[in-house]
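What the coordinates show
Residue strings, one per chain:
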Amino acid sequence: MNHGAWIWRNGELVPWEEATEHVSAHVFHYGSSVFEGLRAYATPRGPAVFRLRPHTQRMVNSCKIARIALPYSAEQLDEAILELLRANGHEACYIRPLTYRGTGQIGVEGRGAKVETVIFSFDWGAYLGSEAIEQGVDVQISTWRRFSPGTLPGMAKIGGQYINSQFITMEAADNGFAEGIALGHSGNISEGAGENIFVVLDGEVYTTGAGASILMGVTRASALTILDDLGYRVRYEDIPREMLYIADEVFFTGTAAEITPVRSVDRIPIGSGSRGPVTEQVQQRFFGITNGTLEDPYGWLTYIQP
Ligand SMILES: Cc1ncc(COP(=O)(O)O)c(C=O)c1O
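Residues numbered from 1 in each chain as written. Predicted model: local features only at pLDDT ≥ 70, side-chain atom pairs only at ≥ 80, totals over all residues. Heavy atoms only, no water.

The subject of this paragraph is the environment of A74. Within the secondary structure, A74 sits in helix α3 (residues 74–88). Relative accessible area serves as the criterion here: at 8%, A74 is assigned to the buried category. For the pair formed by A74 and Q161, sequence separation is 87 residues and the distance between their alpha carbons is 22 Å. Not counting residues within four places of it along the chain, the set of residues in contact with A74 comprises R53, T56, Q57 and V60. (Helix = DSSP H or I, 4+ residues; strand = E, 2+ residues; numbered from the N terminus. Buried < 20%, exposed > 50% of the residue type's maximum accessible area, 1.4 Å probe, protein only. Contact = heavy atoms within 4.5 Å.)

Attention now moves to the site of the ligand. The environment of the ligand is made up of 16 residues, and the closest members are K157, Y162, V218, T219 and T255. Within the contact set of the ligand, an oxygen atom lies 2.8 Å away from a side-chain nitrogen or oxygen of K157. Within the backbone of V218, a nitrogen or oxygen atom sits 2.7 Å from an oxygen atom of the ligand. For the ligand, the protein covers 95% of the area, taking 390 Å² as the surface of the free molecule. (Near = heavy atom within 4 Å. Polar contact = N/O pair within 3.5 Å; in protein donor to acceptor, adjacent residues only side chain to side chain. Areas by Shrake-Rupley, 256 points an atom, 1.4 Å probe, with all protein chains shown as cover.)

Turning next to the packing of aromatic side chains. With the rule as written, the count across this model stands at 14 aromatic pairs. Aromatic pair F50 and F286: ring centres 5.3 Å apart, planes at 75°, arrangement edge-to-face. Remark: F286 occurs in helix α8 (residues 277–290) and F50 occurs in strand β5 (residues 48–50); sequence separation between them is 236 residues. With respect to burial, F50 and F286 carry one shared label: buried. Between F50 and W300, the aromatic rings sit 5.7 Å apart at their centres with planes inclined by 85°, giving edge-to-face as the arrangement. Here the residue F50 occupies a position in strand β5, and W300 occupies one in the loop between α8 and β17 (301–303), the gap between them amounting to 250 residues. Put simply, the rings of Y41, F50, F286, F287, Y298 and W300 pair up and form one aromatic cluster. A cation sits over an aromatic face here: R45 above Y303, 3.9 Å from the ring centre. (Phe/Tyr/Trp six-rings, centres within 6.5 Å; stacked < 30°, edge-to-face > 60°. Lys NZ or Arg CZ within 6 Å of the ring centre and 35° of its normal.)

With respect to the helices and strands, H90 occurs in the loop between α3 and β6 (93–101). Looking at H90, the relative accessible area reads 11%, which means it is buried. A polar side-chain atom of H90 sits 3.1 Å from a polar atom in the side chain of D123. With sequence-adjacent residues up to four places away left out, H90 is seen in contact with H3, G4, P47, L85, S121, F122 and D123.

Let us now look at the layout of surface pockets. Estimates place the volume of the largest pocket at around 690 Å³. Elements with a contribution of two residues or more to the lining of the largest pocket: β3 (33–35), α2 (52–66), β6, α5 (162–174), β10 (189–192), α6 (218–229) and β14 (249–254). For the lining of the largest pocket, the class distribution of residues is 13 nonpolar, 17 polar and six charged. For the lining of the largest pocket, the two domains that each supply at least three residues are domain 1 (6–122) and domain 2 (130–289). Lining the second largest pocket are 17 residues, with S32, A66, R101, E109 and I158 positioned closest to its centre. Residue assignment for the lining of the second largest pocket shows that the elements contributing at least two residues are α1 (26–30) and α2. Looking at side-chain class alone, the lining of the second largest pocket contains eight nonpolar, five polar and four charged residues. Here the lining of the second largest pocket spans two domains, since at least three of its residues come from each of domain 1 (6–122) and domain 2 (130–289). (1 Å grid on protein atoms, 1.4 Å probe; cavity = no way out; pocket = protein on both sides within 12 Å on 5 of 7 lines; lining within 4 Å. Points joined across faces, edges and corners; volume = space filled by probe spheres on them. Nonpolar A, V, L, I, M, F, W, Y, C, P; charged D, E, K, R; others polar. Domains from an automatic or database assignment.)

Structure (structure tokens):
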């Protein structure tokens, strides 16, 4: 991992090597953390963070759901991220804010443990491979389901919940697929292990809603804005598995995956078996804004050097 030299920890910058934690920390035993994932992109005006506030606000919201007493506001997290990126000097990077229950209580309940907050940054290219952005990825429907609403809170980005995503990605990798898609509790599509899903069928665009146990993705929200501007009406519906098989296009959205076409599901080619026109239009607008070659009409970029 090509990481930045500094880590922001509880309000201070410390060298990467020094940001360690004791083995008795609550988080190691019970997954009691909340995290975020953001990207900063290289632009002609220097590096810029994509959709800073929606991510820091989701972190605050996730902590509220997890009942982790995060001692920072979204605004303070924004400042912390910018301070870290100025110190680390990346042209482009992935940013990982994390808050967790540390030492002080080993019992499951955990609210007696000290809350620690860190932010670190590292270089990270296209998550599903740079070819994937043009060619698309081959995915499977996982045998693992997304957890149901009465089991875990899908809207919160809680560390322990990612055991579910790990099972999905490990199974997909073992079967030779780039990614796995989980069905939800109803048997309909929920989302990828780390991506939301869009489907284009007969000129209509569909995506799953909050009731499908999804993480409400920031990239999903961005794609919805772009689709709206492009004149597509998006329908929020239950998406049965077989709808993917007969779709004209399927694409993933996510901070890591960005906008990635899906070219096959369970080895069934989607549409023409390559990137479709709606996906391409969304990508063009998305990447044009993130690399600074298109105007940013929505104010999605926060420049590291003001
Ligand atoms: C489970 C899951 N779903 C969806 C997403 C996409 O969310 P975003 O676009 O905010 O990165 C992510 C990534 O954070 C994720 O981990």
